[in-house]
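Listed here are the chains, written in short residue letters.
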2 protein chains.
Amino acid sequence: MAKNTFETIYETLKQRILAGTYSIKMRLPIEDDLITEFDSSRYAVRKAIKQLADEGLVYSVKGRGVVLLEHTPQTQQFNLNLGQLSGIKAMNADRQLDYRTDVVSFKQVIVDADLSEQTAFEIGIPVYAIQRVRLFNGQHAVIDINYFNAQLVPGITAEIARKSIYHYIQNDLNIKIAVVKRMLRVDSANKIDREHLELGENNCVGNMISIAFNDAGRQFEYTESHFIPNEFVFTQLIRN
Amino acid sequence: MAKNTFETIYETLKQRILAGTYSIKMRLPIEDDLITEFDSSRYAVRKAIKQLADEGLVYSVKGRGVVLLEHTPQTQQFNLNLGQLSGIKAMNADRQLDYRTDVVSFKQVIVDADLSEQTAFEIGIPVYAIQRVRLFNGQHAVIDINYFNAQLVPGITAEIARKSIYHYIQNDLNIKIAVVKRMLRVDSANKIDREHLELGENNCVGNMISIAFNDAGRQFEYTESHFIPNEFVFTQLIRN
DNA sequence: GAGTGGTCTAGACCACGGT
DNA sequence: CCGTGGTCTAGACCACTCC
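Report on the accompanying structure. (Residues numbered from 1 in each chain as written. Chains lettered and ligands numbered in written order. Predicted model: local features only at pLDDT ≥ 70, side-chain atom pairs only at ≥ 80, totals over all residues. Heavy atoms only, no water.)

1. Observations regarding the overall build of chain A
Logical step 1: Helix and strand content of chain A: nine helices and nine strands.
Logical step 2: Buried positions account for 50% of the 240 residues belonging to chain A.
Logical step 3: Here the analysis covers contacts within chain A between residues at least 6 apart in sequence; of these, 58% occur between residues at least 24 apart. (Helix = DSSP H or I, 4+ residues; strand = E, 2+ residues; numbered from the N terminus. Buried < 20%, exposed > 50% of the residue type's maximum accessible area, 1.4 Å probe, protein only. Contact = heavy atoms within 4.5 Å.)

2. Topic: the sheet that holds strand β6 (residues 177-188) of chain B
Logical step 1: Across the sheet, seven strands lie side by side as β9(A)-β6(B)-β7(B)-β8(B)-β5(B)-β4(B)-β3(B); this open sheet has antiparallel pairing. Unpaired on one side and paired on the other, β9 (234-239) of chain A together with β3 (99-110) of chain B mark the two borders of the sheet. Taking the axes of each pair of neighbouring strands and ignoring which way they run, one obtains an average angle of 15° across the sheet.
Logical step 2: Summarising the sheet, strand β4 (residues 126-136) of chain B and strand β5 (residues 139-149) of chain B pair through ten bridges and their orientation is antiparallel. Bridge assignment links Phe136(B) to a residue of β5(B), and that residue is Gln139(B). (Pairing = 2+ DSSP bridges. Axes fitted to C-alpha atoms, helices over the stretch in contact; angles between N-to-C directions.)

3. Thoughts on the nonpolar core
Logical step 1: Core analysis: the biggest nonpolar cluster contains 74 residues, and Tyr147(A), Phe227(A), Phe232(A), Tyr147(B), Phe227(B) and Phe232(B) have the highest contact counts within it.
Logical step 2: Once residues within four sequence positions are removed from consideration, Tyr147(A) is found in contact with Leu115(A), Thr119(A), Phe121(A), Val127(A), Tyr128(A), Ala129(A), Phe220(A), Glu221(A), Tyr222(A) and Thr223(A). (Core = buried A, V, L, I, M, F, W, Y, C linked by side-chain atoms within 4.5 Å.)

4. Regarding helix α8 (residues 165-172) of chain B
All names here are of chain B.
Logical step 1: Inspection of α8 places Ile 165, Tyr 166, Tyr 168 and Ile 169 among the buried residues, and these make up the whole buried set. End-on view of α8: buried residues confined to an arc of 165°, all on one side of the axis.
Logical step 2: Looking at the buried residues of α8, the elements they touch are β4, β5, α7 (158-162), β6, β7 (204-214) and β8 (219-227). (Arc of directions from axis to C-beta.)

5. Some words on the protein's contact with DNA strand C
Logical step 1: Near DNA strand C there are 23 residues, and of these Arg42(A), Asn4(B), Thr5(B), Ser41(B) and Tyr43(B) occur at the shortest range.
Logical step 2: What you see for DNA strand C is that sugar and phosphate hold 73% of its atoms within 4 Å of the protein.
Logical step 3: Between DNA strand C and the protein, one listed contact pairs a phosphate oxygen with a backbone N or O atom of Thr5(B) at 2.8 Å.
Logical step 4: Elements with a minimum of two residues in the surface near DNA strand C: α3 (42-54), β1 (58-61) and β2 (65-68) of chain A together with α1 (5-19) and α3 (42-54) of chain B.
Logical step 5: Here the surface near DNA strand C takes four residues from α3(B), the largest share from any one element. (Near = heavy atom within 4 Å. Polar contact = N/O pair within 3.5 Å; in protein donor to acceptor, adjacent residues only side chain to side chain.)

6. Quick word on the pattern of salt bridges
Logical step 1: What the rule picks out here adds up to 26 salt bridges over all chains.
Logical step 2: As a salt-bridge pair, Arg64(B) and Asp215(A) come within 3.1 Å of each other at their nearest N and O atoms. One end of the pair, Arg64(B), is in the loop between β1 (58-61) and β2 (65-68); the other, Asp215(A), is in the loop between β7 (204-214) and β8 (219-227), on a second chain.
Logical step 3: A salt bridge links Glu37(B) to Arg16(B); the nearest nitrogen and oxygen atoms lie 2.5 Å apart. (Salt bridge = Lys/Arg side-chain N within 4 Å of Asp/Glu carboxyl O.)

7. A few points about the relation of the copies chain A and chain B
Logical step 1: With an axial shift of 0.0 Å and an RMSD of 0.1 Å, the rotation relating chain A to chain B amounts to 180°. Such values leave the two copies arranged in the relation of a two-fold axis.
Logical step 2: Most of the interface of chain A is mirrored in chain B, where 100% of its interface residues again form contacts. (Least-squares fit on C-alpha atoms with pLDDT ≥ 70 in both.)

8. A short note on the packing of helix α2 (residues 31-38) of chain A against α3(A)
All names here are of chain A.
Logical step 1: For the pair α2 and α3, interaxial distance at closest approach is 9 Å and the crossing angle is 115°. What the angle tells us is that α2 and α3 run roughly perpendicular. At the point where α2 passes α3, the crossing takes the right-handed sense. Across the interface between the two elements, Glu 31, Leu 34 and Ile 35 of α2 pack against Arg 42, Val 45, Arg 46 and Ile 49 of α3.
Logical step 2: When grouped by side-chain class, the residues that make up the contact of α2 with α3 number four nonpolar, no polar and three charged. (Parallel < 35°, antiparallel > 145°, perpendicular 65-115°, else oblique. Left-handed = near helix turned anticlockwise from the far one by under 90°. Nonpolar A, V, L, I, M, F, W, Y, C, P; charged D, E, K, R; others polar.)

9. A look at the interface of chain A and chain B
Logical step 1: On the side of chain B, 61 residues touch chain A, which itself brings 61 residues to the contact.
Logical step 2: Interface of chain A and chain B: buried area, both sides summed, is about 5500 Å²; carbon and sulfur atoms make up 54% of it.
Logical step 3: Contact with chain B buries area across many residues of chain A, yet Lys181(A), Gln236(A) and Ile238(A) alone supply 14% of it, more than any other trio.
Logical step 4: The interface formed by chain A and chain B includes 29 residue pairs in polar contact (both at pLDDT 80 or more).
Logical step 5: At the level of elements, β1, β2, α4 (73-76), α6 (113-119), β6 (177-188), β7, β8 and β9 of chain A are the ones that each hand at least two residues to the side of chain A that touches chain B.
Logical step 6: At twelve residues, the largest contribution of residues to the side of chain A that touches chain B is made by β6(A).
Logical step 7: The residue makeup of the side of chain A that touches chain B, split by class, is 28 nonpolar, 20 polar and 13 charged.
Logical step 8: Sheet analysis places β6(A) next to strand β9 (residues 234-239) of chain B, joined by six bridges and oriented antiparallel. Within β9(B), the position partnered with Met183(A) by the bridge is Thr235(B). (Buried area = accessible area lost by both parts, 1.4 Å probe.)

10. Thoughts on the protein's contact with DNA strand D
Logical step 1: Around DNA strand D lies a shell of 22 residues, among which Asn4(A), Ser41(A), Tyr43(A), Arg64(A) and Arg42(B) are the nearest.
Logical step 2: Of everything in DNA strand D that lies within 4 Å of the protein, sugar and phosphate atoms constitute 70%.
Logical step 3: One of the side-chain nitrogen or oxygen atoms of Lys47(A) is found 3.2 Å away from a phosphate oxygen of DNA strand D.
Logical step 4: For the surface near DNA strand D, the elements supplying multiple residues, two or more each, are α1 (5-19) and α3 of chain A together with α3, β1 and β2 of chain B.
Logical step 5: Per-element tally for the surface near DNA strand D: the top contributor is α3(A), with four residues.
Logical step 6: Across the surface near DNA strand D, the residue classes break down as six nonpolar, eight polar and eight charged.

By themselves, these observations are geometric and do not establish any function.
This is the structure we're talking about:
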């Protein structure tokens, strides 16, 4: 860790904040002191503070200083899964979970008007249409409905889908996943959901829609992940 | 608008991107060209590009340049309600909606162990406990369950709750809302939800939990907003 | 008025991508 | 190898907070 000056400062400050070193005064040392302590430039110090602010640990007030945000065990968890990448597999890697994937459907189709409307893919291009059920601790908790642009992401097989498409994309195809845009909704459960998910009494699902772009700016994926209620949490940080 | 050099550059570039000026080559001009064009420093140019990247419009690749992300009408909507502040009132100010608030319950209580566990407020402090139903176009769509630290946010009345607590906090009390941490879940509907929301056939709700901090770093609010399915969307951007 | 973070300039060098 | 963005330094001045 800590390859850059900036990272060293960031890691050190974060440790101290979490250890409560600064907690009494509820303030970080002023920039000049940090510059002196770490023998670095203002740039590195400010960048480290910026990252701490992005994580919701501190807040800068012009003319006053850098304030620490109260962090209780409850609010602590916010600082964890803020912006994760990869599939749900990695998304839950921190929790120790028994995990399995069933490929329910695997097709290659041409995008028509309706599908284009839904996925934002151009009409006429070939896509892989894949449906996979994710089991956590034996529970049918998530169904992933994927559409991958077959020109940008060629050669997907059912076998790859059973393991990890993202692993295949990144390691075998060497595609860089640059940006993922996400939408979160609560939808009434549809036929597919009722068929494949253990909804119990519930008749709704969470729906996480992901649109992924490679580092050439091209959208290569549209995915809907329908998940059962009461099991998943998403976090977001808003700063003024 | 555009008070700073940085803002001028940012606004100009954003306009051009949305107008499609750069779309053919799928690239932004290189930094040096932008420095020349806007007669500014590299700092301002890079800051503008950073903001465009934060919005999901572009993506920087070291050694190659700044790539434009495909933006179709569908993915465009992602760029809207990314990080909004204020209550739901402002959250939906862009849509033209008939809007009303009913105060269902208004109490002042002392935080006990259970409530402390839930809200992360200290045991023993007084809080306002408020329940409000939000009607959009006459539909009972949202119930807000608020807890405000009565020491940090004194003097809330039912009348204020009916109008806008955030307006009162910011304009009358002059409190600066620095940071809001949010969690999103899908919960099975409870008694209060079934009583106050127009769930129709659905028996689940979305649950947006907000924890707000003032610019002294103190948590002054814990709120759960339970909302009906199929009506609300949340967005998130993840960058590598 | 003193102290603090926010903005900005003008450089330097490094790391990576493509040729 | 060259061109590009990423990191970093050493300053200057401004805007805001607090006494």
